[in-house]
Amino acid sequence: MAAADVLARIGELKRRRNAVILAHNYQVPEVQDAADFVGDSLELSRKAAGLEAEVIVFCGVHFMAETAAILSPGKTVLLPEAGAGCPMADMINGRELRAWKERFPGLPVVCYVNTSAEVKAESDICCTSSNAVGVVNSLGAGELLFVPDKNLAAYVARETGRTIHAWDGYCYVHHRFTPRDIEAARLRHPGAEVWVHPECPLDVIDLADRTLSTGKMVQEARTTPCREVVIGTEKGIIHRLSKENPAVAFHPARDTAVCVHMKMTTLEKVQRALETDTHRVTVPPAVADRARGAIRAMLEIA
Ligand code: 13P
Ligand code: SF4
């Protein structure tokens with residue numbers, strides 16, 4: 001089917017099913033362009049919590065659809081590609097977190113939103129890269145546990161001055177950035193500012209001008225006086241940045257910074273999701289109730 005026909009069919013199915021399409025900033029351009037709302041993890045969680053629609057098609061990875069299902073228990077949440085997981089979220093499970101917590105009795109647990117519902121259910125509060133510093137600052141504790149991203153944990157520990165015990169997880173896309181990538185990008189684009197994501201290692205963050213979540217990159221781009229910006233995150237976001245800010249040139253800090261899991265979703269799979277109700281993401285109510293507590297605690301602070 002031609003792309004225009006697929007888009008027309010998606011539009012028809014959306015109306016018939018009272019559906020909305022949410023897409024993360026890293027999705028392929030045509031999926032971002034077909035979505036009703038494109039955002040970062042925090043914006044998408046907020047959106048999912050307030051939607052009127054009956055069906056949510058989540059173009060992102062599994063934990064994002066799960067978060068939407070937890071926040072909207074009465075709705076049908078569809079993940080167009082069943083294999084679109086987040087390898088970082090899979091680096092810890094509920095059993096492992098329970099065992100780890102036993103070694104640190106009484107310490108609060110902050111979980112990155114990139115976790116399974118089971119891990120959220122074992123945590124006190126959730127955070128995203130947009131609000132991680134604020135969430136940790138909001139806790140009375142000087143010492144805490146943070147799962148699963150050790151890079152984000154190191155950044156937050158430095159920004160907040162708290163003692164953070166971090167799980168040994170990481171995002172394979174951001175963990176691969178090196179100081180050399182930033183130095184080489186500065187040589188290629190001498191007048192550019194460098195913006196990196198807080199999932200990058202600290203030695204990369206140290207060489208950047210700004211450390212921003214994808215949502216904050218989108219906001220900053222609207223008012224930046226810079227004409228050139230090097231972007232140290234998954235390069236899919238450059239589509240949105242360039243589309244919304246045609247006067248600014250955005251360059252990837254590394255051309256191979258691609259999350260293959262984010263790229264698995266296609267328009268054809270979105271169409272199939274709406275036609276066949278695949279792949280429906282559900283969370284057992286007992287787990288969802290506990291996980292919702294951690295997500296709500298975050299949304300109240302943010
Ligand atoms: P944000 O969109 O919250 O910046 O997160 C980045 C990410 O890696 C999502 O998987
Ligand atoms: Fe997970 Fe990293 Fe891909 Fe985000 S970019 S979904 S954190 S692997």
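In case you missed it, the structure is sitting above this.
Remember, predicted model here, so these are calculated numbers, not experimental data.

Right, let's get into the pattern of salt bridges. Scanning the entire structure with this criterion turns up 20 salt bridges. For Lys14, the salt bridge is made with Asp36, and the minimal N-O distance between the two is 2.9 Å. Here Asp36 lies in the loop between helix 2 (29-34) and strand 2 (37-39) and Lys14 lies in helix 1 (residues 3-17), a separation of 22 residues in the sequence. Assessed through its relative accessible area of 18%, Lys14 is described here as buried. Overall, Asp36 belongs to the partly exposed group, its relative accessible area being 42%. In this structure, Arg254 and Asp181 form a salt bridge, with 3.0 Å as the shortest nitrogen-oxygen distance. Taken together, the residues Arg254 in the loop between strand 12 (249-252) and helix 14 (267-276) and Asp181 in helix 10 (residues 179-188) connect sequence positions 73 residues apart. Given a relative accessible area of 16%, Arg254 falls into the buried group.

Once that is clear, we can look at the site of ligand 1. Lining the immediate surroundings of ligand 1 are His24, Tyr26, Asp40, Ser41, Met64, Asn114, Ser129, His197, Glu199, Ser213, Thr214 and Met262. The contact in question runs from an oxygen atom of ligand 1 to an N or O atom on the side chain of His24, over 2.6 Å. Note that an oxygen atom of ligand 1 is positioned 3.1 Å from one of the side-chain N or O atoms of Glu199. Relative to its unbound accessible area of 300 Å², ligand 1 is 96% covered by the protein chains.

To continue, consider the sheet that holds strand 11 (residues 228-232). Across a sheet, strands are paired by hydrogen bonds formed along the backbone, either parallel or antiparallel in direction. The strand order 10-9-11-12 describes an open sheet built from four strands, whose pairing is parallel. Every other strand in the sheet has two partners, leaving strand 10 (210-211) and strand 12 as the edge strands with one partner each. Sheet topology places strand 9 (residues 193-196) next to strand 10; two bridges connect them, and they run parallel. The residue of strand 10 that forms the bridge with Val196 is Thr211.

With that out of the way, let us pick up the side chain of Gln27. Mapped onto the secondary structure, Gln27 falls in the loop between strand 1 (19-24) and helix 2. Residue classification places Gln27 among the buried positions, given a relative accessible area of 0%. Looking at Gln27, its side chain comes within polar contact range of the main-chain oxygen of Met262, at 2.9 Å.

So, about helix 3 (residues 41-49). Listing the buried residues of helix 3 in full gives Ser41, Leu42, Leu44, Ser45 and Ala48. For helix 3, the angular spread of the buried residues around the axis is 165°, confining them to a single face. Between the side-chain oxygen at the start of helix 3 and the backbone nitrogen of Leu42 there is a gap of 3.2 Å, and the oxygen is on Asp40.

What follows covers the sheet that holds strand 7 (residues 143-147). Reading across from one edge, 6-5-7-8 is the order of the four strands in this open sheet, with parallel pairing throughout. The open sheet is flanked by strand 6 (125-127) and strand 8 (163-166), the only strands paired with a single partner. Geometrically, the sheet is characterised by an average inter-axis angle of 30° between neighbouring strands, direction not taken into account. Pairing of strand 5 (residues 109-112) with strand 6 involves three bridges; the strand directions are parallel. Each bridged residue has a counterpart across the sheet, and for Val110 the counterpart in strand 6 is Ile125.

About the thresholds
Residues numbered from 1 in each chain as written. Chains lettered and ligands numbered in written order. Predicted model: local features only at pLDDT ≥ 70, side-chain atom pairs only at ≥ 80, totals over all residues. Heavy atoms only, no water. Salt bridge = Lys/Arg side-chain N within 4 Å of Asp/Glu carboxyl O. Helix = DSSP H or I, 4+ residues; strand = E, 2+ residues; numbered from the N terminus. Buried < 20%, exposed > 50% of the residue type's maximum accessible area, 1.4 Å probe, protein only. Near = heavy atom within 4 Å. Polar contact = N/O pair within 3.5 Å; in protein donor to acceptor, adjacent residues only side chain to side chain. Areas by Shrake-Rupley, 256 points an atom, 1.4 Å probe, with all protein chains shown as cover. Pairing = 2+ DSSP bridges. Arc of directions from axis to C-beta. Axes fitted to C-alpha atoms, helices over the stretch in contact; angles between N-to-C directions.

Note that every value here comes from positions in space, so none of it alone points to a role or purpose.
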